[in-house]
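Notes for the structure review
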Amino acid sequence: MTLMEPGVCRVDVVRGQLVGATSHYVKTLADLEGLYEDAVAFDALKGAMSDEVVYEVTDYKPSANPGDMIMGVTRVRPGKVGREYFLTRGHIHANANRPEMYYGESGCGLMLLESPEGEIRAVEIGPRTLCYVPPYWIHRSVNTGSAQLVMTFAYPADAGQDYAIIEEAGGMKSRVVDDGKGGWMLVDNAGYRGRSARRVERVYASAL
Ligand code: NI
């Protein structure tokens, strides 16, 4: 049997990247059109920020084989659209029973989670916080601090990502906004439509 070779990568906390990654993508504010509640603030900021990166992901994918693992680093820059903190697009795993872990390297923020039925959880993440994202939860990262949020993550290589689940429901049920005292609070997303029993059933049936 020919074994795979060990892999080694380094977390560059300052740059917020995994050095030795096999893939890399960036999202600018323009890529995140429609995610924020305040469209006027979004357009103004989009003009001001031009094509600056809001978040990026560098990851190491040894293979896509079931049982294998993907590990990487995500960096979210600090900032707000109106009162709403910068966030990642978010997803549920296409094989929805696959979990994930996030480890805080620097900065502070939240993992915002939503069950298929629309229950919300917000987990605060700071340096040396390890967050377990259980199977079947939609998840996105939010930077609630004034510095960049850098996290290491790992998840099963056959998890996949379904981004449409958030879009179809009109976003996640809650938004993370400035509480006016330097912190954050959750508010209802007025555009949230939720999902039908049939759609929820489809999530639970999607596990391999
Ligand atoms: Ni994930």
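Since we're looking at a predicted model, the values are computed, not measured.

This part takes up the overall build of the protein chain. The helix and strand tally for the protein chain stands at three helices and 15 strands. The C-alpha atoms of the protein chain give a radius of gyration of 17 Å, which matches the 17 Å a tight globule of 208 residues would have. Projecting the C-alpha coordinates of the protein chain onto the three principal axes gives extents of approximately 60 × 45 × 30 Å. Taken over 208 residues, the protein chain has a buried fraction of 46%. Distance from the positive charge centre (22 side chains) to the negative charge centre (27 side chains) of the protein chain: 2 Å.

The next subject is the nonpolar core. Of all hydrophobic cores here, the largest spans 41 residues; its most connected members are Leu29, Tyr36, Phe86, Tyr102 and Met111. Not counting chain neighbours up to four residues away, the residues in contact with Tyr102 comprise Thr74, Met111, Ile125, Thr129, Leu130, Cys131, Val133, His139, Ser141, Met151, Thr152 and Phe153.

Within the structure shown, the criterion is met by 13 salt bridges. Between Arg175 and Glu84 there is a salt bridge, with its nearest N and O atoms 2.9 Å apart. Placement of the pair is Arg175 in strand S14 (residues 174–178) and Glu84 in strand S7 (residues 84–85), with a sequence separation of 91 residues. Here the two residues Arg175 and Glu84 agree in accessibility, since each one is buried.

So, on to unusual backbone geometry. One non-glycine residue with positive phi stands out, namely Arg128, at about 65°. Here Arg128 lies in the loop between strand S10 (120–125) and strand S11 (130–133). With a relative accessible area of 71%, Arg128 lands in the exposed category. The backbone of Tyr136 shows a phi angle near 75°, a positive value even though the residue is not glycine. Examined against the element boundaries, Tyr136 turns out to sit in the loop between S11 and strand S12 (138–143).

Spatial ordering of the open sheet is given by S3-S4-S5-S13-S8-S11, a layout of six strands whose pairing is antiparallel. If you trace the sheet from one side to the other, it starts and ends with strand S3 (23–28) and S11, each paired once. Averaged over neighbouring strand pairs, the angle between their axes works out to 20° when direction is ignored. Sheet topology places strand S8 (residues 100–106) next to strand S13 (residues 149–156); five bridges connect them, and they run antiparallel. In the strand pairing of S13, Gly104 is matched with Met151.

This part takes up the coordination of the nickel ion. Note on the nickel ion: its protein donors are His91 (NE2), His93 (NE2), Glu100 (OE) and His139 (NE2). The metal-donor distances range over 2.0 to 2.3 Å. One way to put it: the four donor atoms around the nickel ion meet at angles of 82 to 166°, and that makes the site irregular. For His139, a relative accessible area of 1% translates into the label buried.

So, on to helix H3 (residues 197–204). Here H3 has its buried residues at Arg199, Val200 and Val203. Burial along H3 is one-sided: seen end-on, the buried residues are contained in an arc of 100°. Facing away from the buried side of H3 by more than 90 degrees, the exposed set consists of Ala197, Arg198, Glu201 and Arg202.

Applying the stated rule across the entire model yields zero disulfides. The structure places no disulfide on Cys131, whose sulfur is separated from the nearest cysteine sulfur, that of Cys108, by 14 Å. Looking at Cys131, the relative accessible area reads 3%, which means it is buried.

Definitions and limits used
- Residues numbered from 1 in each chain as written.
- Predicted model: local features only at pLDDT ≥ 70, side-chain atom pairs only at ≥ 80, totals over all residues.
- Heavy atoms only, no water.
- Helix = DSSP H or I, 4+ residues; strand = E, 2+ residues; numbered from the N terminus.
- Rg over C-alpha atoms; globule rule 2.2 N^0.38 Å.
- Buried < 20%, exposed > 50% of the residue type's maximum accessible area, 1.4 Å probe, protein only.
- Lys, Arg positive; Asp, Glu negative; His and termini not counted.
- Charge placed at Lys NZ, Arg CZ, Asp CG, Glu CD.
- Core = buried A, V, L, I, M, F, W, Y, C linked by side-chain atoms within 4.5 Å.
- Contact = heavy atoms within 4.5 Å.
- Salt bridge = Lys/Arg side-chain N within 4 Å of Asp/Glu carboxyl O.
- Pairing = 2+ DSSP bridges.
- Axes fitted to C-alpha atoms, helices over the stretch in contact; angles between N-to-C directions.
- Donors = N, O, S within 2.8 Å, 3.2 Å for Na, K, Ca; no water.
- Tetrahedral: all angles 85-135°; square planar, octahedral: opposite > 155°, others 65-115°.
- Arc of directions from axis to C-beta.
- Disulfide = S-S within 2.5 Å.

Geometric descriptors of this kind do not, in isolation, establish any biological role.
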